[in-house]
Amino acid sequence: MSQKRKPLIARNFPSAKEEVQEARRGIPQPNYDQPGSAYRLAFDDSEFLLREELRPVRMQLELLKPELVQQELGIKSTIVMFGSARILPREVAEQKVEQALQSGDAEALKRAEMQLSMSHYYEEARRFAALVTTVSTQRHNPIYVVTGGGPGIMEAGNRGAYEVGGKSIGLNIVLPHEQHPNPYITPELCFRFHYFALRKMHFLMRSVALVCFPGGFGTLDELFETMTLIQTGKSRRRPILMFGREFWTRLINFDWLVETGMISPGDEKLFHFVESAEEAWALLESEYDMNPGALDCDAAD
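Since this is a predicted model, take the numbers as computed values, not measurements.

Asker: Can you tell me about the pattern of salt bridges, naming the residues and giving the values?
Answerer: Throughout the structure, instances matching the rule amount to 13 salt bridges. Linking Glu53 and Arg51 is a salt bridge whose minimum nitrogen-to-oxygen distance equals 3.3 Å. Between Glu52 and Arg55 there is a salt bridge, with its nearest N and O atoms 2.8 Å apart.

Asker: So what's going on with the sheet that holds strand β2 (residues 143–147)? Which residues, and what values?
Answerer: With parallel pairing, the seven strands of this open sheet are ordered in space as β4-β3-β2-β1-β5-β6-β7. One side of each edge strand has no neighbouring strand; the edge strands of this open sheet are β4 (190–193) and β7 (272–274). Adjacent strand axes in the sheet meet at a mean angle of 25 degrees when their direction is disregarded. On the sheet, helix α8 (residues 217–231) packs against β1 (77–82), β5 (207–212) and β6 (240–243) and is oriented at approximately 150 degrees with respect to β6.

Asker: Can you lay out helix α6 (residues 153–163) for me, pointing to particular residues and giving the numbers?
Answerer: Counted residue by residue, α6 has nine buried out of 11 residues, so it is predominantly covered. Of the surrounding elements, those touching the buried residues of α6 are β1, α4 (90–103), α5 (106–136), β2 and β3 (168–173). The first or second residue beyond α6 is Gly165, which carries a positive phi of 80 degrees.

Asker: Before we move on, can you summarise the pairing of β2 with the specific residues and values?
Answerer: The buried fraction of β2 amounts to five of the five residues, a majority that puts the element mostly inside the structure. Neither face of β2 is exposed, since Ile143, Val145 and Thr147 on one face and Tyr144 and Val146 on the opposite face are all buried. Both β1 and β2 contribute to a ladder of four bridges, which runs parallel. Within β2, the position partnered with Val80 by the bridge is Val146. Across three bridges, the pairing between β2 and β3 is parallel. By the bridge assignment, Val145 is partnered in β3 with Ser168. With α6 bridging β2 and the parallel β3, this β-α-β connection has right-handed handedness.

Asker: Requested: an account of the packing of aromatic side chains, with residues and values cited.
Answerer: Scanning all chains against the criterion turns up seven aromatic pairs. Between Phe82 and Phe203 the ring centres are 4.9 Å apart and the planes differ by 75 degrees, which places this aromatic pair in the edge-to-face class. Residue Phe82 is found in strand β1, and its partner Phe203 is found in helix α7 (residues 196–205); the two are separated by 121 residues along the sequence. Each member of the pair, Phe82 together with Phe203, is buried. Judged by centre distance (4.2 Å) and plane angle (15 degrees), the ring pair of Phe213 and Phe243 falls under stacked. Highlighted residues: Phe213 in the loop between β5 and α8 and Phe243 in strand β6, separated in sequence by 30 residues. Residue Phe213 is classed as buried on the basis of its relative accessible area of 0%. Among the aromatic side chains, those forming a connected cluster through ring pairs are Phe128, Phe213 and Phe243.

Asker: If you had to explain the packing of α7 against α8 to someone new, which residues and values would you point to?
Answerer: Here α7 crosses α8 at 60 degrees, and the two axes come no closer than 12 Å. The hand of the α7/α8 crossing is right-handed. Contacts between α7 and α8 involve Arg199, Lys200, Phe203 and Leu204 from the first element and Asp221, Glu222, Glu225, Thr226 and Leu229 from the second. A breakdown of the residues in the contact of α7 with α8 according to their chemical character gives three nonpolar, one polar and five charged.

Thresholds, definitions, all that
- Residues numbered from 1 in each chain as written.
- Predicted model: local features only at pLDDT ≥ 70, side-chain atom pairs only at ≥ 80, totals over all residues.
- Heavy atoms only, no water.
- Salt bridge = Lys/Arg side-chain N within 4 Å of Asp/Glu carboxyl O.
- Pairing = 2+ DSSP bridges.
- Helix = DSSP H or I, 4+ residues; strand = E, 2+ residues; numbered from the N terminus.
- Axes fitted to C-alpha atoms, helices over the stretch in contact; angles between N-to-C directions.
- Contact = heavy atoms within 4.5 Å.
- Buried < 20%, exposed > 50% of the residue type's maximum accessible area, 1.4 Å probe, protein only.
- Right-handed = clockwise from strand over helix to strand, strands pointing away.
- Phe/Tyr/Trp six-rings, centres within 6.5 Å; stacked < 30°, edge-to-face > 60°.
- Left-handed = near helix turned anticlockwise from the far one by under 90°.
- Nonpolar A, V, L, I, M, F, W, Y, C, P; charged D, E, K, R; others polar.

This is the structure we're talking about:
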């Protein structure tokens, strides 16, 4: 009887996963398998990996994990959606107004009415994400919505993609007051970061546009970092769309920055104000070839 021939291409050494599994079910070593022992495999030793000196390795891992997953899933182009975690869905904001009316608290009513007014942006973010996801699924290189993974505008972005049957990405961050991922993120694209800097890199590495809704410090941080990278030539130019002209022009006097020489004439053209999902998409279509089947270059280059 002829022997079964061996495959020409095979692993010469066990994988790291196999080594860990073997080590965990191996013969117990009473003198070494105990707390404080250095006997564990280095890559299976969480105490070792969390040492201060291993920060460069942890940063590398945090860069690599989302990168490899997105490569494996063929994700090349994203649209990043930023905005406040505090902006509520309309139905929730309406409940807040009703509760405030019943309480008779004038200040609570004023806050609730403002929340209801701002909920318009939640609904517009949801519509925009749905529009991006629906249209881009017909492309050779689909565009995926990516958000910070939390509530508010982030939830609206992931929700819009989810409701039309698309996938979307959530880049969550560990915070002192824990941020929980919203339920609309695609599970295999729900990442968690410790380092803000590496999270920011992943926001921009594949992005073809930044879409910014009203928000606070975190939103402003991401907005101005992106504009600075483009202004200084560290990053290629890409559309920056800011929803809500009234909000942004009351918050930041861009004309005054030009007049006082703090930015150069023309820098105020790094972004566009938009009011609706359709207006935002039309601007993107004027910037990129959005025809079905068009071959796109790698947005990460």
